[in-house]
Amino acid sequence: MSQLSERPEMPVVGVSVPHESAALHVTGAALYTDDLVARTKDVLHAHPVQVMKARGRITGLRTEPALAVPGVVRVLTVADVPGVNDAGMKHDEPLFPDEVMFHGHAVAWVLGETLEAARLGAAAVEVDLDEQPSLITLQDAIAAGSFHGARPEMVTGDVEAGFEDSAHVFTGELQFSDQEHFYLETHAALALIDENGQVFVQSSTQHPSETQEIVAHVLGLHSHEVTVQCLRMGGGFGGKEMQPHGFAAIAALGARLTGRPVRVRLNRTQDLTMSGKRHGFHASWKIGFDAEGRIQALDATLTADGGWSLDLSEPVVARALCHIDNTYWIPNARVRGRIARTNKVSNTAFRGFGGPQGMLVIEDVMGRCAPLLGLDPMELRERNFYRPGHSTPYGQPVSHPERISTVWREVQEDADLAGRRRAIAVFNAAHPHTKRAIALTGIKFGISFNLTAFNQAGALVLIYKDGSVLINHGGTEMGQGLHTKMLQVAATTLGIPLHKVRLAPTRTDKVPNTSATAASAGADLNGAAVKNACEQLRGRLLQVAATLLGANASDVRVVGGVARALGSDGEVAWDDLVRTAYFQRVQLSAAGFYRTEGLHWDAKSFHGSPFKYFSYGAAAAEVEVDGFTGAYRIRRVDIVHDVGDSLSPMIDIGQVEGGFVQGAGWLTLEDLRWDDGEGPHRGRLLTQAASTYKLPSFSEMPTEFHVRLLENATEEGAVYGSKAVGEPPLMLAFSVREALRQAAAAFGPAGTSVELASPATPEAVYWAVEAARAGGVRPDGDDGAGGKSGTAFLLHEGAPRDA
């Protein structure tokens, strides 16, 4: 076992401990960015001047009326920017635009003594607009040929030959919704200038280093003149990876111009209408199976709705292509990706980062094609699992493919799938207007950033004379428990009790050039960096202990806060050891660093090994559907998920549960709607609040919810043998959607294949039930309406025959 994955005696990692801020969260004592306003003197409040049109060129901007509003101090416009007028990394997101690109685009910001004064001032600003034609829907953009960014293509094998060798060929298309992050804490920033002109920004950001970089280039400063700190976030889910930068820059610009602290905090409606979502996708596909139902070839095009600017759309599409295979070996594949440019908010990272979109395509294909092949969906999926020796379509060997089958088998055993499926068959036969179904789906998710350079991390660990330890790392805490894991890693590496370690807020003047806390890599990267720093310190202290114990340093162990030598009865307490080291002038601070090894990726050829390893999981979901309304409930969920050797089991179980529920929300409930009519409100987000945008709640939770972590799953080469947990569980929710499909199909004849919209709202499920009652699509090619679509093809209405 490698040094990185090996665990010492009595490790603190692997122990279930509460979240380090749990008590603060539930008592309301935890501080978030906007809570700091009450602790800061003379704060000004910023409010955006939003233009409520989808697209248009600004021909006039008059700020004088705002300045006449009592309490208004200043109006920020493009003329105030001393540096670069851009809030993005690709220089396509002007901080103060001269062209409105989406409904609600902010073109100026008003600073007021109170938020109400700033709001009234913003309402007084006069904007003249030359309105332009806009593209709101993904279909509009595709029809208009409106695309931007890279258009990658992933090819493996001989696709044409694969289709020629196929006994069954199906084509189809799928469009599925975007998703709102709906974190509890909206975007927030608080900036102030100290006596040396240093800019200090408190920001709710997943990427403090990039926030620092954007603020610096907007202000025309160097990065060392800007410090960004993130105490914690009230949720992020990817929505605070790129999008906080502009809000932090507004606060910093206002503070620099007025000499007073400036606060930016979006209300919920502003956050919903001004910040990006998960990318909605359209997919067209063609797939070939042999006579036994094994995939022979896949040809697909994935189109992401990028919104008005690129943001992170290019890597999102790249990850979607890398995950379209999910757990299935596809020997011949050609998959193209492209980014549609629409006049909507710029879509951005969201938990899974394109992986869920790619995986949903192949799971939809398997669910639709299984009845047409005369196979049970579970059987079709299992026949196509990766086996030892297989590689992905982009050329990376699949490590531990046996775990795909292992979690699959263990879920079947835990959930008693065979017995429950028999019971469901009996129930369905006796209930013509209510049907149940159970579906089992698996996941394979690659862990690492697509951009190799991001796979690095730093840490700074300080030991004080009294033996207490303070750790700094580059990861941010958004409720996922990263800080808890880092405390456990530090305590384990140093061999001391957990209570002796404290963690400092994440800030750019302690650990520079950090990557975003994203890609599920936070614990892998930062944990290895913290471990590296602690190992340096431990090595120095072992030398001191060896002298005190009269032994070789290699024979000294620190366990439970006591240093002992092998074969000796002597011992030195941790506090005494540290004090002695200080008087011997031994350095008691260390900077740690880690870079993920073994990664290589050619973005042009779309080939290489972009991931350190794969995480696996499987979920079985049972649902019940009402045939009159399409209403449904999730009766039971069973999950077995692979997190390697867990660093913190309680944290990881919580992440699996939360990820699953968030995935179920995306796939079944959360239905973002825009006004795509030609009226005056074209482009307006219609679902602007929790009253119109349905989020998962207690009523959507399964009556029975069983989650278990895969045992004996050490991941060689990862920190203490653990694996990432943040993103992969979201895709376990595919099981809910597939169960709903099977329940809807149960209203029709045996072997019926039904399409199911995503999100599969009760309305969508109702129409799937109606389609099943009409016969759906059957293996003989009958579309249920007396038409024939050809025995070799599944063609739904509007599907291109040359897909």
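Residues numbered from 1 in each chain as written. Predicted model: local features only at pLDDT ≥ 70, side-chain atom pairs only at ≥ 80, totals over all residues. Heavy atoms only, no water.

Considering the overall build of the chain
1) Next: Check the secondary structure of the chain and you find 19 helices and 29 strands.
2) Next: Over its C-alpha trace the chain gives a radius of gyration of 28 Å, about what one expects of a compact globule, namely 28 Å for 803 residues.
3) Next: Carbon and sulfur atoms make up 52% of the accessible area of the chain, which amounts to about 29100 Å² in all.
4) Next: A distance of 2 Å separates the average location of the 72 positive side-chain charges in the chain from that of its 93 negative side-chain charges. (Helix = DSSP H or I, 4+ residues; strand = E, 2+ residues; numbered from the N terminus. Rg over C-alpha atoms; globule rule 2.2 N^0.38 Å. Areas by Shrake-Rupley, 256 points an atom, 1.4 Å probe, with all protein chains shown as cover. Lys, Arg positive; Asp, Glu negative; His and termini not counted. Charge placed at Lys NZ, Arg CZ, Asp CG, Glu CD.)

A few points about unusual backbone geometry
1) Next: A cis amide bond links serine 758 to the next residue, proline 759, at an omega of 15°.
2) Next: For aspartate 416, which is not glycine, the phi torsion reads 50° and is therefore positive.
3) Next: Among the secondary structure elements, aspartate 416 is positioned in the loop between helix H12 (402-415) and helix H13 (417-430).

So, the sheet that holds strand S14 (residues 295-307)
Within a sheet, adjacent strands bond to each other through the backbone by hydrogen bonds, running parallel or antiparallel.
1) Next: Read from one edge of the open sheet, five strands run S7-S15-S14-S13-S8, paired in mixed fashion. Strand pairing shows two members of the sheet lacking a second neighbour, strand S7 (153-156) and strand S8 (168-176), which therefore form its edges. Taking the axes of each pair of neighbouring strands and ignoring which way they run, one obtains an average angle of 10° across the sheet.
2) Next: As defined by bridge partners, S8 adjoins strand S13 (residues 281-289) across nine bridges and the pair is classed as antiparallel. For valine 169, the partnering residue across the bridge sits in S13 and is glycine 288.
3) Next: The sheet strands contacting helix H10 (residues 355-372) are S8, S13 and S14, and the helix crosses S13 at an angle near 45°. (Pairing = 2+ DSSP bridges. Axes fitted to C-alpha atoms, helices over the stretch in contact; angles between N-to-C directions. Contact = heavy atoms within 4.5 Å.)

Considering the environment of arginine 564
1) Next: The topology assignment puts arginine 564 in strand S22 (residues 562-565).
2) Next: As a C-alpha pair, arginine 564 and alanine 551 span 13 residues in sequence and 9.4 Å in three-dimensional space.
3) Next: Among all residues touching arginine 564, those that are not within four sequence positions of it are Leu549, Asp555, Val556, Arg557, Val559, Gly570 and Glu571.
4) Next: Within the structure, arginine 564 has its side chain in polar contact with the side chain of glutamate 571 (distance 3.2 Å). (Polar contact = N/O pair within 3.5 Å; in protein donor to acceptor, adjacent residues only side chain to side chain.)

Overview of the pairing of strand S21 (residues 556-559)
1) Next: Direction of pairing for S21 relative to S22: antiparallel, over a ladder of four bridges. The partner of valine 559 across the bridge, within S22, is valine 562.
2) Next: Counted along the chain from S21 to the antiparallel partner S22, the turn is two residues long, and its residue glycine 560 has a positive phi close to 65°.

Section: the packing of aromatic side chains
1) Next: Evaluation of the coordinates by the stated rule reveals 16 aromatic pairs.
2) Next: Aromatic side chains phenylalanine 102 and tryptophan 308 sit 6.2 Å apart centroid to centroid with 35° between the ring planes, which places their arrangement in the tilted category. One end of the pair, phenylalanine 102, is in the loop between strand S4 (99-100) and strand S5 (105-112); the other, tryptophan 308, is in the loop between S14 and helix H9 (313-322), with 206 residues separating them in the sequence.
3) Next: Overall, the relative accessible area of 6% leaves phenylalanine 102 in the buried class.
4) Next: Residue classification places tryptophan 308 among the buried residues on the basis of a relative accessible area of 9%.
5) Next: Ring geometry for tyrosine 394 against tryptophan 601: centres 6.1 Å apart, planes inclined by 80°, an arrangement best described as edge-to-face. With a gap of 207 residues between them, tyrosine 394 in the loop between helix H11 (377-383) and H12 and tryptophan 601 in strand S25 (residues 600-602) connect regions that are remote in the sequence.
6) Next: On the basis of relative accessibility, which here comes to 0%, the residue tyrosine 394 falls in the buried class.
7) Next: An aromatic cluster of at least three residues, connected via ring pairs, comprises Tyr394, Trp601, Phe606, Phe611 and Phe614.
8) Next: Sitting over the face of the ring of tyrosine 183, lysine 240 holds its NZ or CZ atom 4.5 Å from the ring centroid.
9) Next: The aromatic ring of phenylalanine 163 is capped on one face by lysine 286, whose charged end is 4.5 Å from the ring centroid. (Phe/Tyr/Trp six-rings, centres within 6.5 Å; stacked < 30°, edge-to-face > 60°. Buried < 20%, exposed > 50% of the residue type's maximum accessible area, 1.4 Å probe, protein only. Lys NZ or Arg CZ within 6 Å of the ring centre and 35° of its normal.)

Looking at the packing of helix H17 (residues 649-668) against helix H18 (residues 734-745)
1) Next: Taken N-terminus to C-terminus, the directions of H17 and H18 make an angle of 40°; their axes are 8 Å apart at the nearest point. Between H17 and H18, the crossing angle belongs to the class labelled oblique. Every residue of H18 that contacts H17 at Phe660, Trp666, Leu667 and Thr668 is listed here: Phe734, Ser735, Val736, Arg737 and Leu740.
2) Next: The residue makeup of the contact of H17 with H18, split by class, is six nonpolar, two polar and one charged. (Parallel < 35°, antiparallel > 145°, perpendicular 65-115°, else oblique. Nonpolar A, V, L, I, M, F, W, Y, C, P; charged D, E, K, R; others polar.)

Observations concerning helix H6 (residues 208-219)
1) Next: Helix length check: H6, at 12 residues, gives a terminal C-alpha distance of 16 Å against a target of 16 Å (1.5 Å per residue), a fit within 8%.
2) Next: When you tally the buried positions in H6, you get 11 out of 12 residues, the bulk of the element.
3) Next: Among the residues of H6, those classed as buried are Pro208, Ser209, Glu210, Thr211, Gln212, Ile214, Val215, Ala216, His217, Val218 and Leu219.
4) Next: Following H6 by one or two positions, glycine 220 adopts a phi angle in the positive range, close to 70°. (Expected span 1.5 Å × (residues − 1).)

Focus: the side chain of histidine 19
1) Next: Structurally, histidine 19 can be placed in the segment before helix H1 (22-27).
2) Next: Histidine 19 gets classed as buried once you look at its relative accessible area, which sits at 15%.
3) Next: Here serine 21 takes part through its backbone nitrogen, which lies 3.0 Å from a polar atom of the side chain of histidine 19.
4) Next: Polar side-chain contacts of histidine 19 include one of 3.0 Å to the side chain of glutamate 477.
5) Next: Each residue touching histidine 19, except ones within four places of it in the same chain, is listed here: His25, Glu477, Gly479, Gly481, Thr484 and Ile651.

Focus: the confidence of the model for the chain
1) Next: Averaged over all residues, the pLDDT of the chain equals 95, while 97% of them reach at least 70.
2) Next: Low pLDDT, under 50, characterises residues 781-803; the stretch is placed with 44 contacts to residues that sit more than four places away or in other chains. (pLDDT = per-residue confidence, 0-100.)

Some thoughts on the pairing of strand S15 (residues 333-341)
Looking along a regular strand, one sees side chains alternate from face to face of the sheet.
1) Next: Counting buried positions along S15 yields seven of nine residues, so the element is predominantly enclosed.
2) Next: The sheet contact formed by S7 and S15 spans four bridges and is antiparallel. In the sheet register, methionine 154 faces S15, and the bridge partner there is valine 335.
3) Next: Two strands pair when backbone bridges link them, and S14 and S15 are joined in this way by nine bridges, in the parallel orientation. Along S15, the bridge assignment pairs leucine 302 with glycine 337.

Quick notes on the side chain of arginine 682
1) Next: Following the sequence through the fold, arginine 682 ends up in the loop between H17 and strand S29 (704-709).
2) Next: Looking at arginine 682, its side chain comes within polar contact range of the main-chain oxygen of glycine 677, at 3.3 Å.

Side note on the sheet that holds strand S18 (residues 469-473)
1) Next: Here four strands make up an open sheet; going across it, the order is S19-S18-S17-S24 and the pairing mixed. Both edges of this open sheet fall to strand S19 (501-503) and strand S24 (589-595), since each of them pairs with a single strand only. Direction aside, neighbouring strands of the sheet carry axes that sit 25° apart on average.
2) Next: Where strand S17 (residues 456-463) and S24 come together, seven bridges link them in antiparallel fashion. Bridge pairing links glycine 458 to phenylalanine 593 in S24.
3) Next: Of the strands in this sheet, S17, S18 and S24 are in contact with helix H15 (residues 522-549), which crosses S24 at around 140°.

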